[in-house]
Amino acid sequence: MSKQHIFKKKLLSWSIKNTREYSWRNSEDPWKILLLEVISQQTQLDRANKYYQKFIRKFPSPNEMSKATKKEILGMWSGLGYNSRAIRLHEASKILSKNSFDSIYPEFDILPGVGEYTKNAILSFAYNDKVITQDTNVLRVFSRFFGTKDPKKFIIENQKNILKNIKSRKFNEVLMDFGSEICTSKSPSCNICIFDNECKKFIQVKKSTQTTFKGSDREIRGKIIKHLIVNKNVDISSLNMIIETEENRLEHILEKLESEGMVTIKNKKLIEISS
Ligand code: SF4
């Protein structure tokens, strides 16, 4: 099974129990998608959802918003911050009240405030085009899993293949949820992740942890205790041959183990686990 296939298959199985439910996720209305995407920029999704509900009730189509005043829009936007987003959304609604989404498809980035990400979100969620939405969560997951330094380029080159036989919308939602819940920016939950050795980042972290452990005092202590569990009254000089480290270092480690009450040293010669 190819790496891309494993990536897709495991994420889709993960989504069965972990997809977050929001009303817009069942909608193919490009206006609803645009509204949500603009509101949710730099805003946590649950909080964005509250504003989205308020806006969509008042402005179910671009036409209603285009007739509203700037003051009215800013009043409703209050608390979300980045007021310029509200102004651009208002301007976009005026354009869309005269030109339908279908008439400007796929060039949604001609609308004020619509960049590459929002354009792809509309293409995927409303038109089911084979595109992967490149928000920060998604880019991070790609970069870590595939070990690529240029996830944007990687996505453009591979999205058609990855999205073969699946709805792009479904996969984009899964990627966003996975990136914000498991493969998070600061502390990814690799220990409970559906991927382990398939993920490039996971392999790197495991390797560096192993390298740090190899030859460390911690490793030597572990070896000594393991040996003493099955052998009683071990001659310290024989430990040298088993542990293979400098005499001084071994002496120091044994003293430490003794001071911690882990082992007992008799006449500076024999050692065993403390009773
Ligand atoms: S193993 Fe860790 S780094 Fe890799 S995808 Fe999972 S959470 Fe992200």
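In this report, the structure presented in the accompanying data block is examined. (Residues numbered from 1 in each chain as written. Predicted model: local features only at pLDDT ≥ 70, side-chain atom pairs only at ≥ 80, totals over all residues. Heavy atoms only, no water.)

## Considering the pattern of salt bridges
Across all of its chains, the model carries 13 salt bridges by this definition. One salt bridge in this structure joins Arg20 and Asp177, with 2.8 Å as the shortest N-O distance. In this pair, Arg20 is assigned in the loop between α1 (3-18) and α2 (30-40) and Asp177 in helix α11 (residues 168-181), connecting sequence segments 157 residues apart. Take Arg20: its relative accessible area is 22%, and that puts it in the partly exposed class. On the accessibility criterion, Asp177 (0% relative accessible area) is buried. With its nearest N and O atoms 2.7 Å apart, the salt bridge here joins Glu260 to Arg221. Note that Glu260 is positioned in the loop between α15 (247-259) and β2 (263-266) and Arg221 in helix α13 (residues 217-230), a separation of 39 residues in sequence. On the accessibility criterion, Arg221 (23% relative accessible area) is partly exposed. (Salt bridge = Lys/Arg side-chain N within 4 Å of Asp/Glu carboxyl O. Helix = DSSP H or I, 4+ residues; strand = E, 2+ residues; numbered from the N terminus. Buried < 20%, exposed > 50% of the residue type's maximum accessible area, 1.4 Å probe, protein only.)

## Notes on the environment of Leu45
Along the chain, the position of Leu45 falls in helix α3 (residues 45-58). Between the alpha carbons of Leu45 and Ser13 there is a distance of 23 Å; along the sequence they are 32 residues apart.

## As for the site of the ligand
The immediate surroundings of the ligand are formed by Arg144, Cys183, Pro188, Cys190, Cys193, Phe195, Cys199, Lys201 and Phe202. The class makeup of the residues in the shell around the ligand is seven nonpolar, no polar and two charged. (Near = heavy atom within 4 Å. Nonpolar A, V, L, I, M, F, W, Y, C, P; charged D, E, K, R; others polar.)

## Overview of unusual backbone geometry
For the bond running from Tyr105 to Pro106, omega is -5°, close enough to zero to count as cis. Tracing the backbone shows Pro106 in the loop between α7 (101-104) and α8 (116-125). The phi angle at Asn128 is positive, at roughly 55°, despite the residue not being glycine. For Asn128, the location among the structural elements is in the loop between α8 and α9 (136-146). Relative accessible area serves as the criterion here: at 33%, Asn128 is assigned to the partly exposed category. A positive phi angle, close to 65°, is found at Asn165, a residue other than glycine. Here Asn165 lies in the loop between α10 (151-162) and α11.

Read these as layout, nothing more, since geometry by itself doesn't imply function.
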